[in-house]
Protein chains: 2
Amino acid sequence: MPKVTDVLKRLVIGRARRSEELTETLLPKRIALPIFASDPLSSVAYATQEILLVLTLGGLAYLHFTPWIAAAVVALMAVVVLSYRQVVQAYPSGGGSYEVVSTNIGPRAGLVVAASLLVDYVMTVAVSVASGVDNIISALPSLAAHRVLMAVGFVVLLTAMNLRGVRESGRLFAAPTYLFIGGVLIMVGTGLLRYLLGDAPVAESAAYGVTPKEGNTQLAGLALTMLVLRAFSSGCTALTGVEAVSNGVPAFRRPKARNAATTLAVMGALAVVMFAGVTVLALVADVHVAQDPCRLTGLAGDCHGHSQRTVIAQLAAAVFGGHDSVGFYYIQAATALVLVLAANTAFNGFPLLCSILAQNSYLPRQLHKRGDRLAFSNGILALALVTCLLLWGYDANVTSLIHLYILGVFTSFTLSQTGMVRHWNRELRATTEPARRRRHHVSRAVNATGAVVTGLVLVIVLATKFTEGAWLAVLVAALLWQLMRSIRRHYDRFAAELAVADPETERRLPSRVLAIVLVSTVRKPTLRALAYARSFHPAELEALTVAVDAASLERLERQWEEFEIDVPLKVLQSPYREITRPVVEYVRSVRRAGPRDVLAVFIPEYVVGHWWENLLHNQTALWLKSRLLFTPGVMVVSVPWQLTSSARADRPAARAPGASRRGEP
Amino acid sequence: MPKVTDVLKRLVIGRARRSEELTETLLPKRIALPIFASDPLSSVAYATQEILLVLTLGGLAYLHFTPWIAAAVVALMAVVVLSYRQVVQAYPSGGGSYEVVSTNIGPRAGLVVAASLLVDYVMTVAVSVASGVDNIISALPSLAAHRVLMAVGFVVLLTAMNLRGVRESGRLFAAPTYLFIGGVLIMVGTGLLRYLLGDAPVAESAAYGVTPKEGNTQLAGLALTMLVLRAFSSGCTALTGVEAVSNGVPAFRRPKARNAATTLAVMGALAVVMFAGVTVLALVADVHVAQDPCRLTGLAGDCHGHSQRTVIAQLAAAVFGGHDSVGFYYIQAATALVLVLAANTAFNGFPLLCSILAQNSYLPRQLHKRGDRLAFSNGILALALVTCLLLWGYDANVTSLIHLYILGVFTSFTLSQTGMVRHWNRELRATTEPARRRRHHVSRAVNATGAVVTGLVLVIVLATKFTEGAWLAVLVAALLWQLMRSIRRHYDRFAAELAVADPETERRLPSRVLAIVLVSTVRKPTLRALAYARSFHPAELEALTVAVDAASLERLERQWEEFEIDVPLKVLQSPYREITRPVVEYVRSVRRAGPRDVLAVFIPEYVVGHWWENLLHNQTALWLKSRLLFTPGVMVVSVPWQLTSSARADRPAARAPGASRRGEP
């Protein structure tokens, strides 16, 4: 009968898949696009809003900077997408920025990229899910009290889907992403058309004023620059996730690199159009939002109870005719769905990167192991756990979470573009063919531009976000970097110590095999252990017991005579009633007497069917075994005796599911 | 360098003691009296009070029943002490009631006594500590808010003292008990002398009236009988702890039985004098108490804030001249101390009874193991844990706890006296000598009286206390009874299965020894395992590997050739990337092919110095070992490789304290 947990696992995750099925899970472009692009595309749902939120800290007057900031973000996105097309083609093995930087700059810099990306994958899940929940609450305000619970619920759902394996989740995710793209394009198109026809949509918040934050009125000079740069930093969230495609190249159908590059281009074009469209529409419809709803003026009712709708919700309501129109619900549903699914980008990227890092010995080996459904299950579970903690800790608040977000993205952008410049330099040195050199010069120029621009943005992000929460992301990434280096050192030391330098030394047979059988009383397992030990024909065989009290010893000696056991019985006195220490000390003394001998310590053990049955027996044998393993030149031989289970004596003990083992009492 | 935890343990518990020191811990009478008698003596501090509290539920008018109830309790105590003197002399081995009942009635009835006593030991600690804290609060009312914390603190203190071993705790406990006895006798003497001289002491509560509980006015017939019987039941708490002496006989100096009987007699006389004296004095001084202080009339101030002093505190203040007299503080300090130390009776009795039950296979073997200081540490810790939970659950309230208390005492009284009657019947059948027969007849009469009287009290206690909390004590004792029977069944089945019926069968050598060495890659531990396996000269030797991915297999096969290993390599395909299942299935198939052979499975393992290093390696080998132990006819041979610890490579790995082990990655 299968275990309940097994049945449950099958229901949630599906049947196990054979290793050969791995190639079947490769993705065609039309499915790879929604999987890898749902993140940058869906960030349309919050990037514009974050720009507006920062600018209105100074008051509505500063909203006129919005188009310029949006234009900068669009330009930046074009540069990044162009740069990454080159990465994908030059390094199609899926290491993405990590591989580029490790190869061209060095492993330490590569590890910086890896740490940054790991942190950012977590943030992608947290921000996307939190924003998705925001959009659900915009449509159904009564759910506002369950924000964190909903967010965690979505993460759990994503985890289960991803444990089922990548292709099935891909198919599942294709539809909503396309529905979202279509919906936003129609909304932007309709809105702008109405504007051109003189019937401009008007947001519900158009009439609200905003009280600037203290000290933010009449900004000029440095303060104004900082405000604008902070708004720009927040808008750069639109660029997150471009990285995911370069890490996901191996999941594409062949030709992998070309398919990935095409997907990147389509994604970039869509993202630019949607982001620019939504931003323009938000300005046209006069959307007014504030981080603290109590800074909004002209509200009806109490500001504390006022739940602001997201920018995308306000636009949908304004364009399609209110909060009960079909269009509004369609946009909100599609937005929420695509945002939650955008988190899936990270659920694809994070375990893949972990597995590559594990393969390079920077993370525990377990992360390189594929689960029943060929997904990297351990990485998926780690991501889910950390994200849930983060959502819970930050109350699933998008604006708070976003401060931790884009730092890692731009660290990896900057380093990988720098790495690509070095890559082209090397290529240029290697070739003299004029046509190739020309192409390489162009490529290098693209990547150099990318490096300078993203480096600049990195400085801006650091300057404007560090004190607002980004310090935590920096700290975690730094710790992660140090941890990965330590792990690598451990594996390296381990491999060096175990590598076979001289096979003859290692292969040499011990001069003699001595056998010791541990006994406490004469029972069936004891006699079996003695018989097995004898069957090895050791040079010397003796039984060893520890005398804790006189009565037990006397009984043992009586049994020894009664059963006519012709093996010498060695008795160790233990005045302090210890078992382990006298045995280990005796074993060491035997070893000292014959350093070239090997000692086999036979331990009669019984195995019981239920874990609670172990509570009824001392755990001496288990403890003893683990201590003996630390004594050089000793083999520990467990001679098990399978006890029939008390509840189901007819059932073969070997199949007992919760089975565990202990030594003699 | 010793571990911090070791140092701490030494500080709290003291240095380890050799088993031979056991006889040194025997107790002279003058120390045994305070140890075993502090419980019945200290109950003077609450028994009178509980009688008054119950009677005043009906109003002050019913207080005139007090002398009669006290007289009944005194008579009962005389009967019980006389009966137990016979138990102690007839059964000096320390099983007390448990042994008497098991021997004379049967093991099931004996187990009823054991379960009742275990519950009652817990209650002794809880009630005594709670009452001790009450008396401290009577002297220092500002501590009232920390009742539970103080109670738990005292339990922890007692635990630490008892872990140090019985004799040292005895010495520590002698002084306060004698100070308490002296103090109470002086207080009673002074008070009664003042009364005789016409200057009767007057309690602070003498002027208070008490409003009877609804429905309790003008009681008559059955209701009145019930009230009086309930008061009597509560007064019977004075008898708890008599049992302890009979369980503690082995801790007495020789002649054990006579010394114990003398101690019992002295204890009984002291208890009777003190209890009667305090009760008379309480009536003389007109002490008025109520379970609910809001039923007291004539209070100055708010009744909810009114903290009633204990009866003993009120008496001390009345006799010695107020709440700031030296006499008052002396009595309160001695009372509190003796009550907390009375809990020590249980800390002596509970582990001793547990150890006897463990020896009889009714409780886990661990409870029969003596700790470093020769105390039964596990029993002490179990008692401390349960008591702390109880004190926390009942807010350390004496009156609530007392309802759970005396049921078990009287169950064991009744059964043990019945058992003693049977004992004398048997003795009478065995002897014809007239003088002996006369003595036996007298003894039987004493025990028969004891059985009838305590049986009657048991019925009274059950009838008056069951719904007030005693049901929980009954339930717990019943569950404990069932649990102990199940544990015994497990041990019996276990012993029967392992007992050697026919030594020749068990001793027979297997026809051949086959050896399998598990390998995943060729490293030093692999070669060592192969060499060790070969040194046993098995009939057949092969290496076994599980092919999870093609690359690893290819590397292994390449290494196999490179190192010219002349052992055949068997490869198991594992399309679902499992390790354990294919190995176990292969081992079973080998076993099926030669059922009379024995199979030695060699597992190269490495051991690391730090527990966290295990996280970096898959736990496949460990899992595999525990599964193989469930396969009949298989020996599991661990061939360890001690890795130098990363932090302290110069330190012998064998000494690593938190050391643990794992298999190959």
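Structure's up top.
Conventions and cut-offs
- Residues numbered from 1 in each chain as written.
- Chains lettered and ligands numbered in written order.
- Predicted model: local features only at pLDDT ≥ 70, side-chain atom pairs only at ≥ 80, totals over all residues.
- Heavy atoms only, no water.
- Helix = DSSP H or I, 4+ residues; strand = E, 2+ residues; numbered from the N terminus.
- Buried < 20%, exposed > 50% of the residue type's maximum accessible area, 1.4 Å probe, protein only.
- Contact = heavy atoms within 4.5 Å.
- Areas by Shrake-Rupley, 256 points an atom, 1.4 Å probe, with all protein chains shown as cover.
- Core = buried A, V, L, I, M, F, W, Y, C linked by side-chain atoms within 4.5 Å.
- Patch = residues over 30% accessible without salt bridge, like charges linked within 9 Å, V, L, I, M, F, W, Y side chains within 5 Å.
- Salt bridge = Lys/Arg side-chain N within 4 Å of Asp/Glu carboxyl O.
- Axes fitted to C-alpha atoms, helices over the stretch in contact; angles between N-to-C directions.
- Parallel < 35°, antiparallel > 145°, perpendicular 65-115°, else oblique.
- Left-handed = near helix turned anticlockwise from the far one by under 90°.
- Nonpolar A, V, L, I, M, F, W, Y, C, P; charged D, E, K, R; others polar.

A. Structural context of the overall build of chain A. When helices and strands are counted, chain A shows 23 helices and eight strands. Relative to its 665 residues, chain A shows a buried fraction of 58%. Contacts in chain A between residues at least 24 apart in sequence constitute 82% of all its contacts with a sequence separation of at least 6. Only carbon and sulfur atoms are counted for the fraction: they give 62% of the accessible area of chain A, which is about 26,800 Å².

B. Representation of the nonpolar core within the structure. B:Phe36, B:Val129, B:Leu315, B:Leu357, B:Leu391, B:Phe410 and B:Met484 are the most contacted members of the largest nonpolar core, which totals 148 residues. Element by element, the count of residues in this core is highest for helix H6 (residues 107-139) of chain B, at 20 residues. Discounting chain neighbours no more than four positions away, the residues touching B:Leu357 are B:Tyr98, B:Leu111, B:Ala114, B:Leu118, B:Tyr362, B:Leu363 and B:Met484. A:Tyr46, A:Ala115, A:Leu367 and A:Phe413 belong to the second-largest nonpolar core, a separate cluster that totals 146 residues.

C. Spatial organisation of a nonpolar patch on the surface. Residue and element names in this part refer to chain A. Side chains of Leu462, Phe466, Trp471, Val474, Leu475 and Leu479 sit close together on the surface and give an oily, nonpolar patch of about 530 Å² of accessible area. Among the elements that make up the nonpolar patch, the one with the highest residue count is helix H18 (residues 470-498) (four residues). Taking the relative accessible area as the measure of exposure, leucine 462 reaches 35% and is therefore partly exposed.

D. Up close: the packing of helix H7 (residues 147-163) of chain A against helix H13 (residues 326-359) of chain A. Residue and element names in this part refer to chain A. Where H7 contacts H13, the two axes come as close as 10 Å, and the packing angle between them is 50 degrees. Classified by the angle their axes make, H7 and H13 are oblique. In this structure, H7 meets H13 at a crossing whose hand is right-handed. Residues Phe154, Val155, Leu158, Thr159 and Asn162 of H7 form the contact with H13, whose participating residues are Val340, Leu341, Ala343, Asn344, Phe347 and Asn348. Of the residues contributing to the contact of H7 with H13, the split by class is seven nonpolar, four polar and no charged.

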